[in-house]
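Survey of secondary and tertiary structure
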2 protein chains.
Amino acid sequence: MYKLIYWPFLPGRGEFVRLVLEELGVPYDDVARRPEAEGGGASVVSGHLYGQGDLMPGFAPPYLIDGDLTVAQMPAICHYLGLRHGRVPADEGLRARALQLQLTIADVISEAHATHHPLSSGLYYEDQKDEALRAAATFREQRLPKWIAFFERALQRVGQTFLLGGEISYADLGLFQLVEGLCYALPNASRHLLDGAPRVTALHQQVGDRPRLAAYLRSERRIAFNEHGIFRRYPELDAAD
Amino acid sequence: MYKLIYWPFLPGRGEFVRLVLEELGVPYDDVARRPEAEGGGASVVSGHLYGQGDLMPGFAPPYLIDGDLTVAQMPAICHYLGLRHGRVPADEGLRARALQLQLTIADVISEAHATHHPLSSGLYYEDQKDEALRAAATFREQRLPKWIAFFERALQRVGQTFLLGGEISYADLGLFQLVEGLCYALPNASRHLLDGAPRVTALHQQVGDRPRLAAYLRSERRIAFNEHGIFRRYPELDAAD
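Predicted model, so just to flag it, every value in this text is computed and none were measured.

**Examining the overall build of chain A**
- Looking only at helices and strands, chain A features nine helices and four strands.
- Beginning at the N terminus, the succession of helices and strands in chain A can be written as β-α-β-α-β-β-α-α-α-α-α-α-α.
- Here the C-alpha radius of gyration of chain A, 18 Å, is about what a compact globule of 241 residues would show, namely 18 Å.
- Projected onto its principal axes, the C-alpha positions of chain A cover 45 × 45 × 30 Å.
- Relative to its full complement of 241 residues, chain A shows a buried share of 59%.
- Put simply, 68% of the contacts in chain A that link residues at least 6 apart link residues at least 24 apart.
- Approximately 9,700 Å² of chain A is accessible, and the part contributed by carbon and sulfur atoms is 49%.
- Charge separation in chain A, taken as the distance between the mean sites of 25 positive and 30 negative side-chain charges, equals 4 Å.

Next up, the structure:
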């Protein structure tokens, strides 16, 4: 059985991996979410940070353990799972495109995180709040419109529901979770932009309605967004209503 | 022949792709570096930004065009080229590891860029210089030591010259260029850290001594670092000598 190692108290980048595992319907052991008495807890994650611990080193979680193999880096894990379960196209060009799109999603994630931590992830939000106000305004007004337009354009070119065509891929799950996160963190800015992105909105709806995903989203396995991790709701960073 | 589309006046993320092409010894058309009268210039790049233009959309350069296929995102391009030329291992685990390492290098690149543009890539350095001083100090003192130690540890585990073992991969070329960039941008901080990382230092030396790479680095095709792009030498952001 796969083992997933990720912080137990926030969705973060680990959630992008969970969505792939849940959509595949494969069982996995979400190790750090076990009770501490059963080997869970945040120390499971922190013990492997920066390539420490006994895993083949990865810098930061999520880590997926598949037998003797450990894969780190969210897009690399999603790509690995897609290949392993025959859920990426055979065509190398489409495979490269799936990876490219997930890397683009990962870039938006990093920028979204930087809105509340522009100076350093090592400082508290409160210690960089003035800078965050400036960074978030630029993100909302200059960057996010471009990102959303990019995904809308990508779907328009394909002319089908999903980013690679008629079949769902991990990149669609990634875009779903990105939209979820943006709507949590910056509801006003996101609503406004998504109103102008009907294809992205439809993809988000379709992914969330898939039977396995819908059941997962209702389950206790789904961790709610909160003020840890990437997508945080600080109303002062959002646009006015 | 491959076409590479990237800003003609800075090494940036495009250079990580050039190093792969140069080490492979395959010819490529570095389109934007042609004279403008022959179809070159920065407008070649900017016309495709954010998925505009007639390519299958990629958000930002570099773009690699291989016949009908366009691949964007530096790590996806490197992975595609490695597969296409039989230069990644057949083993899916090692392939995932190569990708994971390149994604980690891409993360360091983004953090290095954020030292001089902590608030936004859309503002000038001069308009975020105070913030850059704080961000760069945290990068130098808290983050960079962890990144260098991570790669040193990864090489130690493998016990051979390169990140995947005895054979060079695109991740080694990436680590070479990362070291080049860090030594340009933050020479004092980098020298200090590399003194404690003999395996990373040796890998950097070995890669730079490879015949094709050494010839490339001496050629006019190699663009010198400068105060555009990722790695910029602003002495006030470096450690004291």
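**Notes on the sheet that holds strand β3 (residues 63–66) of chain B**
Residue and element names in this part refer to chain B.
- Spatially, the four strands line up as an open sheet ordered β2-β1-β3-β4, and their pairing is mixed. Both edges of this open sheet fall to β2 (28–30) and β4 (69–72), since each of them pairs with a single strand only. Sheet twist, expressed as the mean angle between neighbouring strand axes with direction ignored, is 20 degrees.
- Of the pairings in the sheet, the one linking strand β1 (residues 2–5) to β3 comprises three bridges and is antiparallel in character. Across the sheet, residue Ile-5 finds its bridge partner in β3, namely Tyr-63.

**Points about the nonpolar core**
- Counting 141 residues, the largest nonpolar core has Phe151(A) and Phe151(B) as the members making the most contacts within it.
- Discounting residues that sit within four places of it in the chain, Phe151(B) has contacts with Leu101(B), Thr104(B), Ile105(B), Val108(B), Leu163(B), Leu175(B), Leu178(B) and Val200(B).

**Some points on the relation of the copies chain A and chain B**
- If you rotate chain A by 180 degrees and push it 0.0 Å along the axis, it lands on chain B with an RMSD of 0.0 Å. On this basis, the relationship between the two copies can be described by a two-fold rotation axis. When each C-alpha of chain A is compared by its distance to the rotation axis, Pro118(A) comes out closest, at 2.7 Å.
- Taken as a fraction of all interface residues of chain A, those also at the interface in chain B reach 100%, which identifies the copy contact as same-surface.

**Digging into the interface of chain A and chain B**
- Tallying the contact residues gives 48 residues for chain A and 48 residues for chain B.
- Carbon and sulfur atoms supply 61% of the area that chain A and chain B bury against each other, a total of about 4,200 Å² over both sides.
- At the boundary of chain A with chain B, the tally comes to two salt bridges.
- A salt bridge links Glu131(A) to Arg134(B); the nearest nitrogen and oxygen atoms lie 3.1 Å apart.
- If you list the elements that add at least two residues to the side of chain A that touches chain B, you get β4 (69–72), α3 (74–84), α4 (92–116) and α5 (129–158) of chain A.
- It is α5(A) that provides the largest number of residues to the side of chain A that touches chain B, a total of 13 residues.

About the cut-offs
Residues numbered from 1 in each chain as written. Chains lettered and ligands numbered in written order. Predicted model: local features only at pLDDT ≥ 70, side-chain atom pairs only at ≥ 80, totals over all residues. Heavy atoms only, no water. Helix = DSSP H or I, 4+ residues; strand = E, 2+ residues; numbered from the N terminus. Rg over C-alpha atoms; globule rule 2.2 N^0.38 Å. Buried < 20%, exposed > 50% of the residue type's maximum accessible area, 1.4 Å probe, protein only. Contact = heavy atoms within 4.5 Å. Areas by Shrake-Rupley, 256 points an atom, 1.4 Å probe, with all protein chains shown as cover. Lys, Arg positive; Asp, Glu negative; His and termini not counted. Charge placed at Lys NZ, Arg CZ, Asp CG, Glu CD. Pairing = 2+ DSSP bridges. Axes fitted to C-alpha atoms, helices over the stretch in contact; angles between N-to-C directions. Core = buried A, V, L, I, M, F, W, Y, C linked by side-chain atoms within 4.5 Å. Least-squares fit on C-alpha atoms with pLDDT ≥ 70 in both. Buried area = accessible area lost by both parts, 1.4 Å probe. Salt bridge = Lys/Arg side-chain N within 4 Å of Asp/Glu carboxyl O.

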